Amino acid sequence: MKFSRTARRLGLGAVTVLAAAFTMVVVQQAGPASAHGSVTNPPSRNYGCWERWGADHLNPAMAQSDPMCWQAWQANPNTMWNWNGLYRENVGGNHQAAVPDGQLCSGGRTQNGLYASLDTVGAWTAKPMPNNFTLTLTDGARHGADYMLIYITKQGFDPTTQPLTWNSLELVLRTGSYPTTGLYEAQVNAGNRTGRHVVYTIWQASHLDQPYYLCSDVIFGGGGTPPTTSPPTTSPTTPPTSTPPPAGNGACTATYRKTSEWSGGFGAEVTVRAGNAAISGWTVNWTWPNGQSITSSWNATITSSGSSVTASNAGYNGNLGANGSASFGFNGSWNGTNSTPTLTCTAR
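In this text, all values refer to a predicted model and were calculated from it rather than measured experimentally.

A separate point is the sheet that holds strand β1 (residues 37-41). Within the open sheet, the three strands sit side by side as β1-β3-β6. Their pairing is antiparallel. Each edge of the sheet is formed by a strand with only one pairing partner; in this case those strands are β1 and β6 (183-189). If you compare each strand with its neighbour and ignore which way they point, the axes differ by 25° on average. Pairing of strand β3 (residues 132-139) with β6 involves seven bridges; the strand directions are antiparallel. Note that in β6 the partner of N132 across the bridge is N189.

Below, the structure written as structure tokens:
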């Protein structure tokens, strides 16, 4: 059968359109976009959900162990796959006019509500943080930053029962500009806050009028779990279970703390502290005493061989000044007994 030249051109065009459409679907589901960025410490809501569950997001255990992430994955998985794309355009610096109360974590339901599930009120997984901490924003596209505005909720605000509003926030830091290095850090002082809070970061990218709106859930001062020793009378700048740094150069210590526990699962945090001299990297080793295992982790590279575990610093938290500290966390599974392991720390 012969076809006219026009018919052949039309047929080829249809195939091209279908191929392009198929390619778009595949790319959308393949993984997180690499063109933008987000706060990675303390992790933004959707970055944390992607980091903990991206490789296991269909696991029904998430509904019990991480229910706020579960509802977000159910609402739209692309909220997590595109964890680094939560921005608006052409705001002109008037953030409060562009983003209504109750919609701060979704950037005012930007991009047709792609991130709407992040506004859901509830007990999002919160990272324990010291009251003086380093906020890290990772920018894969190296857009640079005109500034970051960092807010923290006021003492008495309960993010598990109240929607986030501008009036519930206090601006604690406005940074200057950052070059296009891809990693922007800010030293944040949370004052004497304790318990659950939301750290709200606005990153004004430099390449366009493109601000990002990022919610990170944290626990200051040890949160709801009573410390094993009496809490300090001043704002807790170090974890209450930390041991004094050893004498000598290039040393480090590591302190383990369970942050939560449920049937068959638990969360934990390890704090690494340098000795009396700066270090350029660290490695923590331990052996599980009861056959526990790690299911997800953040802020460290963790490998396991049987019961033996090795955790090494990420690219952004290995350099510590004298007596400086960094933390990493993980979720794990256990059965029967969940004893605390003995940790060793090696510095570089």
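Next up on the list: the sheet that holds strand β4 (residues 145-153). Reading across the sheet, the five strands line up as β2-β8-β7-β4-β5 and stay open at both edges, with mixed pairing between neighbours. The sheet terminates laterally at β2 (127-129) and β5 (169-174), the two strands that pair on one side only. If you compare each strand with its neighbour and ignore which way they point, the axes differ by 40° on average. Judged from the five bridges that link them, β4 and β5 form a sheet pairing that is antiparallel. Directly across from I152, in β5, lies its bridge partner E170.

The next point concerns the pattern of salt bridges. Where charged atoms from two side chains of opposite charge come close, those side chains can pair. According to the stated counting rule, one finds five salt bridges in the structure shown. Where R45 meets D217, a salt bridge forms, and the shortest distance between an N and an O atom there is 2.7 Å. Residue R45 is found in helix α2 (residues 45-53), and its partner D217 is found in strand β8 (residues 210-220); the two are separated by 172 residues along the sequence. D217 matches R45 in its accessibility class, with the two residues each being buried. The shortest N-O distance in the salt bridge between R109 and D119 comes to 2.8 Å. Highlighted residues: R109 in the loop between α6 (95-98) and α7 (110-113) and D119 in the loop between α7 and β2, separated in sequence by ten residues. According to the relative accessible area criterion, R109 is partly exposed, its value standing at 37%.

Moving on to the environment of S65. Mapped onto the elements of the fold, S65 is located in helix α3 (residues 62-65). Not counting chain neighbours up to four residues away, the residues in contact with S65 comprise W53 and W262.

Quick look at the packing of aromatic side chains now. The full count for this structure, using the stated rule, is 20 aromatic pairs. Among the aromatic residues, those joined into a cluster by ring pairs are Y87, Y178, Y184, W203 and Y212.

A word on the nonpolar core. For soluble globular proteins, the rule of thumb is that nonpolar side chains tend to be buried together. Among the nonpolar cores identified, the biggest contains 52 residues, and L164 and Y200 are the most heavily contacted of them. Breaking this core down by element, the ones donating at least two residues are α2, α4 (67-75), α5 (78-81), β3, β4, β6, β7 (195-205) and β8. It is β4 that provides the largest number of residues to this core, a total of seven residues. Apart from residues lying up to four places away in sequence, L164 is in contact with D101, G102, L104, C105, T153, F157, L169, V198, Y200 and C215.

Here four bridges tie β1 to β3, and the two strands are oriented antiparallel to one another. The partner of V39 across the bridge, within β3, is L137.

Next up on the list: α4. Listed as buried for α4 are M68, C69, A72 and W73. All buried residues of α4 lie within an arc of 135° about the axis, which places them on one face of the element. On its buried side, α4 packs onto α2, α3 and α5.

What follows covers the state of the cysteines. Applying the stated rule across the entire model yields three disulfides. Sulfur-sulfur distance for the disulfide between C105 and C215 comes to 2.1 Å. Taking the sign of the S-S torsion, about -85° here, the bridge from C105 to C215 comes out left-handed. Residue C105 is found in the loop between α6 and α7, and its partner C215 is found in strand β8; the two are separated by 110 residues along the sequence. On the basis of relative accessible area, C105 is assigned to the buried category, the value being 4%. Described in terms of the sequence order of its bonded cysteines, the disulfide pattern of the protein is 1-2, 3-4, 5-6.

Positionally, Y87 belongs in the loop between α5 and α6. Sequence separation of Y87 and T110 is 23 residues, and the distance between their C-alpha atoms is 7.0 Å. Discounting chain neighbours no more than four positions away, the residues touching Y87 are H36, T110, Q111, Q210, P211 and Y212.

Considering the arrangement of structural elements, one finds S38 in strand β1. A distance of 2.8 Å separates a polar atom in the side chain of S38 from a polar atom in the side chain of S44. Excluding anything up to four places from it in sequence, S38 contacts S44, Y47, W83, N84, T136, L137, T138 and L214.

Parameters and conventions
- Residues numbered from 1 in each chain as written.
- Predicted model: local features only at pLDDT ≥ 70, side-chain atom pairs only at ≥ 80, totals over all residues.
- Heavy atoms only, no water.
- Pairing = 2+ DSSP bridges.
- Helix = DSSP H or I, 4+ residues; strand = E, 2+ residues; numbered from the N terminus.
- Axes fitted to C-alpha atoms, helices over the stretch in contact; angles between N-to-C directions.
- Salt bridge = Lys/Arg side-chain N within 4 Å of Asp/Glu carboxyl O.
- Buried < 20%, exposed > 50% of the residue type's maximum accessible area, 1.4 Å probe, protein only.
- Contact = heavy atoms within 4.5 Å.
- Phe/Tyr/Trp six-rings, centres within 6.5 Å; stacked < 30°, edge-to-face > 60°.
- Core = buried A, V, L, I, M, F, W, Y, C linked by side-chain atoms within 4.5 Å.
- Arc of directions from axis to C-beta.
- Disulfide = S-S within 2.5 Å.
- Polar contact = N/O pair within 3.5 Å; in protein donor to acceptor, adjacent residues only side chain to side chain.

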